[in-house]
Each structure stands twice: as C-alpha cells, then as structure tokens.
Amino acid sequence: MVTKNLYFIVKKLSLILCLTACAQMQRPSKQQPVEPAKQVEEKTQKPIALIFGPGGLKTYAHIGVVKNLERENIEINRIIGIEWGAVIGSVYARKAKIHDLEWQMSKLKSEHLPNAGFFKNNIDLENPNRLNLFFERIFPGYDLAQSKIPFACATKSTNKSAASWLQSGPAFKDLKKCVAYPPLFYSYNTWHADTLSIKDAIAKLRSEGDYHIVLVNVIANDTFRTSKKVIDQEAEKILWQEVRDRLEEAAKEVDTYVAIDTSAESILDLGATKALIKLGQEQSASAVMGMRR
C-alpha cells in the first residue's frame, strides 16, 4: 500500500515539474534591446606638405603658423622652403619641434645681416657668406638629408634656366644658395633663391604623392612701403611685387592657402620678429582649424 501511494506521489511531482517547465518556456523572456551597431566614419587624412613662401625676415611669421599646426596636432610630412622660408623650413624640418625652431632662429643677429644703419638711406647687397657664422651655429655638421621631415629648397643658377631642388648636402653651405636674393644678398657662386618657383613647388609635390598642400604667404597684399629703406631700387620693388602676385595666383592650386598680412613690418627688421610670429599665429588660426574638418 505504501509503495503504491509513493508511486502516485512521484508521478504527480513529475507532472507538476513538467508543467512548470513548459510554462516557463512559453513565457516571453525579458531581453535587453539590441542597439544597432554604431558606424564609425574613418576620415582618411592626407599627408601634409607645407610650402614656406619668401619674404626676407617677414618669414618669421611662419613660426606662428607652425605653432598653430602643433597645437592642433597636425603632423607635417613634407616641407619646401623658398628664399628665407627655406631657413625657417629647414630649421623646423631638422627636429620637427617648435621650441627648437624658436630657439635656433633667435640666434640670428644684426651682424649676420646687411647693414641698414641710421645714417644710410638704403642698404647695400651683401655677400651671403655673412650668414656663415649663423648657419654654422644652428647647423653644425648637419646634412639636409638628415631632416626628420623631408625638406627641399628652391634655387637657381644664372647659368641654368631650370630650378634646382636642394634636398641633401651640408646645410651651412647649401642654404646660402636658396637664401641669396635682393635686396639682402647677391648670388652665391651664381646661385640664388628661386622666388618665382611657387607653381613648380606645387607641381613637385603633386608628382611625389597625394599631399594636402598648404601654401603660406607672408607678403600677402604687401606694397613694401614699410620696406622702402631696404627695397630702394625700382627694379627690386617690381620684382617683389611679381613674387607677391605669383604667390596669390597659386592660392587656387593648393588645398589650404594661408595669407599673412605683414605689411606693417619691414622685410629687414630683426626687432620685429616677435610681432611677426604673433601675426602668423593670429592670422593662420582659422585656416589651420579648417584643416581639421
């Protein structure tokens, strides 16, 4: 009798457990809503190629542009320098550090430059060897090919029709070929800065790769009235106006054009370097931020 009752009890328990399990299986489960996978847009940034345009000591404004690029964490992958833009460009290309650029350029002194004395109405063209001590201090035993950022500067010989691009060789010697230009210096062994090679520089970069090309013009809208004591000859004034026009014409051929108005400063005023850096930083801020979009 006990065995029979136990049998019925076990059977009922089994039935109850079975019904309970079935009910739980049929009950809709509370599941967390599945969020659609987020689509991450990856924006491919082209490598940046920077052209430092000419302008004598007005090119200190380039330093302000570089400050903004570093602040926005925009990496520079290629640099071309023209005339004194070659000095700024080569110094920065060596280590790619803005503090080093500022420190090295602070070593330029009046004795390295043509004399625009108080009692003189204009300056005289100087031998570019006047820059020897300055270049030897900032480029001791340094070859342009050792630059952290690949660098080139534009030069031209009176014996050749085509521009040449210096990308290797002793910096303290070869940079004089890219910097020598009136009204500051006469040619160095027939070599002088090729200030009219703006479009050639752009074509060179286009042939090398798919760069986002940035052209910095530090003589935008300049009439060189402030530089009258330096640019004294009519031929020099016409020449620099042509350089300015070439830069402004090239604006439509680059990806980012940075125009810096330095007309309030002279092309040869070592005392204005801090003001020029500030101008470069203030007037390039919008263009640099636009490169992030």
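This one's a predicted model, so the numbers in the text were calculated from it and none came from an experiment. (Residues numbered from 1 in each chain as written. Predicted model: local features only at pLDDT ≥ 70, side-chain atom pairs only at ≥ 80, totals over all residues. Heavy atoms only, no water.)

Q: I keep staring at the overall build of the protein and nothing clicks. Help me out?
A: For the protein, the count of helices and strands is nine helices and seven strands. Looking at the protein as a whole, 46% of its 293 residues are labelled buried. Nonlocal contacts in the protein, meaning residues at least 24 apart in sequence, comprise 79% of its contacts between residues at least 6 apart. (Helix = DSSP H or I, 4+ residues; strand = E, 2+ residues; numbered from the N terminus. Buried < 20%, exposed > 50% of the residue type's maximum accessible area, 1.4 Å probe, protein only. Contact = heavy atoms within 4.5 Å.)

Q: Whenever I open this one, the packing of helix α2 (residues 61–71) against helix α3 (residues 84–95) confuses me. Can you help?
A: Two measures define how a pair of helices packs: the angle their axes make with one another and the distance between the axes. One way to put it is that α2 packs onto α3 with a least axis distance of 10 Å and a crossing angle of 35°. The hand of the α2/α3 crossing is right-handed. Of α3, the residues touching α2 (which contributes H62, I63, V66 and E70) are G85, I88 and Y92. Across the contact of α2 with α3, the residue classes break down as four nonpolar, two polar and one charged. (Axes fitted to C-alpha atoms, helices over the stretch in contact; angles between N-to-C directions. Left-handed = near helix turned anticlockwise from the far one by under 90°. Nonpolar A, V, L, I, M, F, W, Y, C, P; charged D, E, K, R; others polar.)

Q: Got a minute to help me understand the packing of aromatic side chains in this structure?
A: For any pair of aromatic rings, the description consists of the separation of the ring centres together with the inter-plane angle of the planes. Scanning the entire structure with this criterion turns up five aromatic pairs. Judged by centre distance (5.7 Å) and plane angle (85°), the ring pair of Y181 and W240 falls under edge-to-face. Note that Y181 is positioned in the loop between α6 (171–179) and β5 (191–193) and W240 in helix α8 (residues 234–249), a separation of 59 residues in sequence. Residue classification places Y181 among the buried positions, given a relative accessible area of 7%. Three or more aromatic residues joined by ring pairs form one cluster here, namely F134, F135, F139 and Y142. (Phe/Tyr/Trp six-rings, centres within 6.5 Å; stacked < 30°, edge-to-face > 60°.)

Q: Even after reading the chapter, I still don't get the pairing of strand β3 (residues 151–157), so can you show me in this structure?
A: Counted residue by residue, β3 has six buried out of seven residues, so it is predominantly covered. Here strand β2 (residues 76–81) runs beside β3; their pairing, made up of three bridges, is parallel. Each residue of the ladder has a partner; that of G81, found in β3, is C153. As paired strands, β3 and strand β4 (residues 164–166) are joined by three bridges and run antiparallel to one another. In the sheet register, A154 faces β4, and the bridge partner there is W165. In textbook terms, the turn of a hairpin is the stretch between consecutive antiparallel strands, and for β3 and β4 this stretch comprises six residues. (Pairing = 2+ DSSP bridges.)

Q: Looking at this model, I keep getting lost on the side chain of K107. Mind explaining?
A: Of note, K107 is situated in the loop between α4 (98–105) and α5 (132–138). For the buried K107, no salt bridge exists, and the shortest N-O distance to an oppositely charged side chain is 6.9 Å, to D100. Residue contacts for K107: discarding those within four places in its chain leaves H112, F134, R137 and I138. (Lys, Arg positive; Asp, Glu negative; His and termini not counted. Salt bridge = Lys/Arg side-chain N within 4 Å of Asp/Glu carboxyl O.)

Q: In this structure, what is going on with the pattern of salt bridges? I would like to understand it.
A: Opposite charge on two side chains permits them to pair, given that their charged atoms come into close proximity. Scanning all chains against the criterion turns up 14 salt bridges. Note that R71 and E72 form a salt bridge whose closest N and O atoms lie 3.3 Å from each other. In this structure, E126 engages R130 in a salt bridge whose closest nitrogen and oxygen atoms are separated by 3.4 Å. You can call R130 partly exposed: its relative accessible area is 29%.

Q: How should α4 be read in this particular structure?
A: Within α4, the full set of buried residues consists of I98, D100, L101, Q104 and M105. One face of α4 carries all of its buried residues, which in axial projection span an arc of 160°. Away from its buried face by more than 90 degrees, α4 exposes H99 and W103. On its buried side, α4 packs onto α2, α3 and α5. (Arc of directions from axis to C-beta.)

Q: Would you mind showing me how to read the nonpolar core here?
A: Soluble, globular proteins show a tendency: their nonpolar side chains are buried together. Formed by 81 residues in total, the largest nonpolar core has its most connected members in I51, W84, M105 and F135. Looking at which element gives the most residues to this core, the answer is α3, with seven residues. With residues up to four places along the chain from it excluded, the contact list for F135 reads V87, F172, L175, K176 and V179. (Core = buried A, V, L, I, M, F, W, Y, C linked by side-chain atoms within 4.5 Å.)

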